[in-house]
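Structural description and commentary
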Amino acid sequence: MEKDVKYLVLDDEILAGEYLATLIKEVDERADVTTVSNPIKALELIKETFDVCFIDIQMPGLNGIEFANKLKKIYPKINIIFVTGYSNYMGEAFRLDASDYIMKPANVEQIHHALENLRYSVSEATSLEEEKRIQITCFGNFEVLIDGNLVKFKFEKTKELLAYLVHRKGARCSSKEVIANLWEDDGHDSYYRMLKKDLQDVLNNLGCGEIIYSERGKIGLSNLQCIQCDYFKWLENVEEGRKLYHGEYMAQYSWGSETNAFLDMDKYKE
């Protein structure tokens, strides 16, 4: 049995989005279509796997080109089709390797042509494990590789900061919480600010800066879906995760001991 093809339709005009979804279902009987009208909310959905994304361009908050740029950083082989009333973004669209650029109002023939000529096959678009550039190991010592290369920071403590953010699984952490766990006392605010800058600079230079969420007094991981991590795999599927755990969790950091004890106990459950 063939699997459903997952589509994302992003258009701030709700009726336009629903109309486009109807056309897609008419062309592809296997279509599983998610329609979103808010581009910011759509960013929260991209942890899901989509085979094809139909994107409007002129939208408040985040335009379609900006959204597509963020999407391509996470899934380089995602199929993007722009559907818009504006022709002047065509150059930018095809620099993003868009499969097609459809002028509104779309019709069945245009949708059929676009889907018949996707840039990437559905299997390529959804091979996410292969596409994840960031590999993080938590079981044993904490290590980070990007594109297969070990990531090095200016300060050793920067690596611990990233490790703690991974440990917190994307939760927004206050500066006070991070400092308390990394140093176990106060008075390290200036050093902490240097670590944050080092972390962001290194990841930005490697083209992965989007995985860090930072605002005044708060920091956390973002876009967990673009990270391959043994601990995250355990959280998603305990049975599979147990095969990866061998008795140590972030062994070089004392604040990981409680989680390690929990994992150790869980390992021997039937």
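Provided above is the structure to which this section pertains.
Model, not experiment: these values are computed from the prediction.

This paragraph deals with the overall build of the chain. Looking only at helices and strands, the chain features 13 helices and 12 strands. Each principal axis of the C-alpha distribution contributes one length, and for the chain these read about 65 × 45 × 30 Å. Expressed as a percentage of the 270 residues in the chain, the buried residues total 46%. Here the chain has roughly 14,100 Å² of accessible surface; of this, 48% comes from carbon and sulfur atoms. Each charge sign in the chain was given a centre, from 33 positive and 46 negative side chains, and these centres are 6 Å apart.

Turning our eyes to something else, we now look at the pairing of strand S5 (residues 100-103). As paired elements, strand S4 (residues 79-84) and S5 share 4 bridges and run parallel to each other. Looking at S5, one finds that Thr-84 is bridged to Met-103. Traced from S4 through helix H4 (residues 90-95) to S5, the parallel crossover comes out right-handed.

Ranked by size, the top nonpolar core spans 68 residues in total, and within it Phe-82, Cys-138, Phe-142 and Val-166 carry the most contacts. The dominant element in this core, judged by the number of residues it contributes, is helix H8 (residues 156-167), at 6 residues. Counting 18 residues, the second-largest nonpolar core is a separate cluster that includes Val-9, Leu-20, Val-52 and Ile-81.

A few words on the pattern of salt bridges. Per the counting criterion, the structure on display carries 7 salt bridges. Where Asp-11 meets Lys-104, a salt bridge forms, and the shortest distance between an N and an O atom there is 2.7 Å. Placement of Asp-11 in the loop between strand S1 (5-10) and helix H1 (14-27) and of Lys-104 in the loop between S5 and helix H5 (108-116) is noted, with a sequence separation of 93 residues between them. Assessed through its relative accessible area of 28%, Lys-104 is described here as partly exposed. With its nearest N and O atoms 3.5 Å apart, the salt bridge here joins Asp-56 to Lys-104. Of the two residues, Asp-56 sits in the loop between strand S3 (52-55) and helix H3 (64-74) while Lys-104 sits in the loop between S5 and H5, which places them 48 residues apart along the sequence. Linked by salt bridges that have partners in common, Asp-11, Asp-56 and Lys-104 make up one network.

Conventions we followed
Residues numbered from 1 in each chain as written. Predicted model: local features only at pLDDT ≥ 70, side-chain atom pairs only at ≥ 80, totals over all residues. Heavy atoms only, no water. Helix = DSSP H or I, 4+ residues; strand = E, 2+ residues; numbered from the N terminus. Buried < 20%, exposed > 50% of the residue type's maximum accessible area, 1.4 Å probe, protein only. Areas by Shrake-Rupley, 256 points an atom, 1.4 Å probe, with all protein chains shown as cover. Lys, Arg positive; Asp, Glu negative; His and termini not counted. Charge placed at Lys NZ, Arg CZ, Asp CG, Glu CD. Pairing = 2+ DSSP bridges. Right-handed = clockwise from strand over helix to strand, strands pointing away. Core = buried A, V, L, I, M, F, W, Y, C linked by side-chain atoms within 4.5 Å. Salt bridge = Lys/Arg side-chain N within 4 Å of Asp/Glu carboxyl O.

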